[in-house]
Amino acid sequence: MKELLIEPQIDSFDTFAEFADEFSLGGKDLILTNEYIYDPIMKKEDLDCSYIFQENYGPGEPTDVMVDAILREINELDIKRVVAVGGGTIIDIAKILVLEGAENVDVLYDKKELAKSKELIIIPTTCGTGSEVTNISIINRTRKGTKMGLTSPAMFADYAVLIPEFLKTLPYYVFASSSIDALIHAVESYLSPICTDYTEMFSVEAMKGILSGYCRIAKTGENVRFADSKMYLKASNYAGIAFGNSGCAAVHAMSYALGAKYHVPHGESNYQFFTDVLRKYQEKKPEGKIKKLNNLIRRIADENGFSGAAGIEDGIEILEKLLAEVLTRKDMKDYGVTEADIPVFAASTVENQQRLLKNNYVPLTQEEIQEIYQARL
Ligand SMILES: [Fe+2]
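From a predicted model like this one, the values you see are computed outputs, not experimental measurements.

Novice: Looking at this structure, how should I read the domain arrangement of the chain?
Specialist: Frequently, the measure chosen for interface size is the accessible area that the parts lose on association. What the domain assignment lists for the chain is domain 1 (9-166) and domain 2 (171-376). Using C-alpha coordinates to define each centre, domain 1 is positioned 27 Å away from domain 2. Counting residues at the interface gives 16 residues for domain 1 and 20 residues for domain 2. Both sides of the domain 1 and domain 2 interface together cover about 1,400 Å² of buried area, and 68% of this is carbon and sulfur. Looking only at domain 1, the three residues that lose the most surface to domain 2 are Cys127, Leu162 and Pro164, adding up to 37% of its buried area. Viewed at the interface, domain 2 and domain 1 are joined by one salt bridge. The residue Asp14 makes a salt bridge to Lys230 at a minimum N-O spacing of 3.4 Å. The interface formed by domain 1 and domain 2 contains five residue pairs in polar contact (both at pLDDT 80 or more). Of the residues assigned to the side of domain 1 that touches domain 2, the class counts are nine nonpolar, five polar and two charged.

Novice: What's the story with the sheet that holds strand S2 (residues 29-33) in this structure? I'm lost.
Specialist: Within a sheet, neighbouring strands are paired by backbone hydrogen bonds and run either parallel or antiparallel to one another. On the basis of which strands lie adjacent, the open sheet formed by six strands has the order S1-S8-S5-S4-S2-S3 and parallel pairing. The sheet terminates laterally at strand S1 (9-12) and strand S3 (50-53), the two strands that pair on one side only. Looking at each pair of strands side by side, their axes are set apart by 20 degrees on average, direction ignored. Here helix H8 (residues 229-246) sits on the sheet and contacts S1, strand S5 (119-124) and strand S8 (159-162); the angle it forms with S8, its principal contact strand, is near 150 degrees.

Novice: When you look at helix H11 (residues 289-303) in this model, what are you seeing that I'm missing?
Specialist: Think of an α-helix as 3.6 residues a turn; residues three or four steps apart then line up on the same face. End to end, H11 covers 21 Å across 15 residues, agreeing with the expected 21 Å (1.5 Å per residue, within 8%). Those residues of H11 that fall on the buried side of the exposure criterion are Lys289, Ile290, Leu293, Asn294, Leu296, Ile297, Ile300 and Ala301. Considered in projection along H11, the buried side chains sweep an arc of 165 degrees and stay on one side of the axis. In H11, those exposed residues whose orientation departs by more than 90 degrees from the buried face are Asp302 and Glu303. Buried residues along H11 sit against helix H6 (172-191), helix H7 (197-220), helix H10 (266-284) and helix H12 (315-326).

Parameters and conventions
For every chain, the first residue of the written sequence is number 1, and numbering continues from 1 onward in sequence order. Owing to the predicted nature of the model, reporting of local features is limited to residues with pLDDT of at least 70; listing and counting of side-chain atom pairs is limited to 80 or more, with chain, interface and lining totals taken over all residues. Side-chain numbers here rest on the full set of heavy atoms in the structure, without hydrogens or water. Where a domain begins and ends is set by an automatic assignment or by a domain database. The criterion used for residue contact is that any of the two residues' heavy atoms lie within 4.5 Å. For any pair of parts, buried area is found by adding up, for both, the accessible area (1.4 Å probe) each one loses once the two are put together. The salt bridge definition used is simple: a Lys or Arg side-chain nitrogen within 4 Å of an Asp or Glu carboxyl oxygen. Here a polar contact is recorded for every N or O atom pair within 3.5 Å, except that within protein the pair must consist of a potential hydrogen donor and a potential acceptor, and residues adjacent in sequence are included only if both atoms are side-chain atoms. When residue character is reported, Ala, Val, Leu, Ile, Met, Phe, Trp, Tyr, Cys and Pro are called nonpolar, Asp, Glu, Lys and Arg charged, and the others, Gly included, polar. What makes two strands pair is DSSP finding at least two bridges between them. Counting from the N terminus, the helices are the DSSP runs of H or I reaching at least four residues and the strands are the DSSP runs of E reaching at least two. Every axis in this analysis is a line fitted to C-alpha atoms, fitted for helices over the stretch in contact. Angles between the N-to-C directions lie between 0 and 180 degrees. Each helix should span, by expectation, one fewer than its residue count multiplied by 1.5 Å. Exposed residues in this analysis have more than 50% of their type's maximum accessible area, buried residues have under 20%, and partly exposed residues fall in between, with area computed by a 1.4 Å probe over protein chains only. Picture the helix axis, draw a direction to every C-beta atom, and the arc is the one those directions span.

If you want it as structure tokens, here you go:
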């Protein structure tokens, strides 16, 4: 049984300037980023690198059309290293750009074995995806009409670099939804049947970091997150290591149907089902790891003086109250979801998300999944 794999070397710097100096960024480097990240932090360094701003190739999540257009551009350049500076979209694209024979997305998906032709450095600028330490890229294959994951050992970064300076310009909503996503990575991998002693340490440390940070937000307001930037980056990285090894489960599985039809962003979509899935687990198998999770949440809330936890025994209820201090959870009908969507979502989750559902703490039937959707309407 595999206990733990961490492929990239993990580095941290206080600033982008220190990183650029240490890694001698120059003419053979391509930086893939967004202009709103480049302008306040990277521009002043005036580096001799090539830059690609992802938004010039299409909006939103990565598509085959977007990645092919970027490939056409960079295949004209003499590039030895790709530096991805951004959120999930940037990171997913960069993992494709470094592959050998990357003429277009379709060619790569058809290959039996993938190899890397350029070095890859990933610098996450949100505190959620953990994607800097995983080897999967999810591309919307518009020509095939489906979202598909491409995964290979060749798609691991050589270096994952954590630079808290980038969190300074992160809008509050992105901070909140991405860190909730990281917390869900930590919890789902903690409860996963393939959780190991090693990945559990990463899950627990991620939960302690994020939940204690949320207690400080509840106490003193949202701006306290800036003082905790380094902690959030590390916690989401720990959670990435944990789920990269032990997987995510029903929360992620259920969020895809909502996200795909109503274009709800990933973290927000996961937040919809997070505590309801935990409640269902607790109801079906109250003894076991969910009990340990419950105690852990209660202890963290107590130790960090979360006043909303006063008099509440149930850790999941405390978690719900704490999350509400960070981000308001909408109802599914606020996104336009109707009664008719509910059985369709449940069927699609069971049909398409077995990769995730197999990691559930306890198996959930289609009826139970439907009940959870129904309760969120
Ligand atoms: Fe996620």
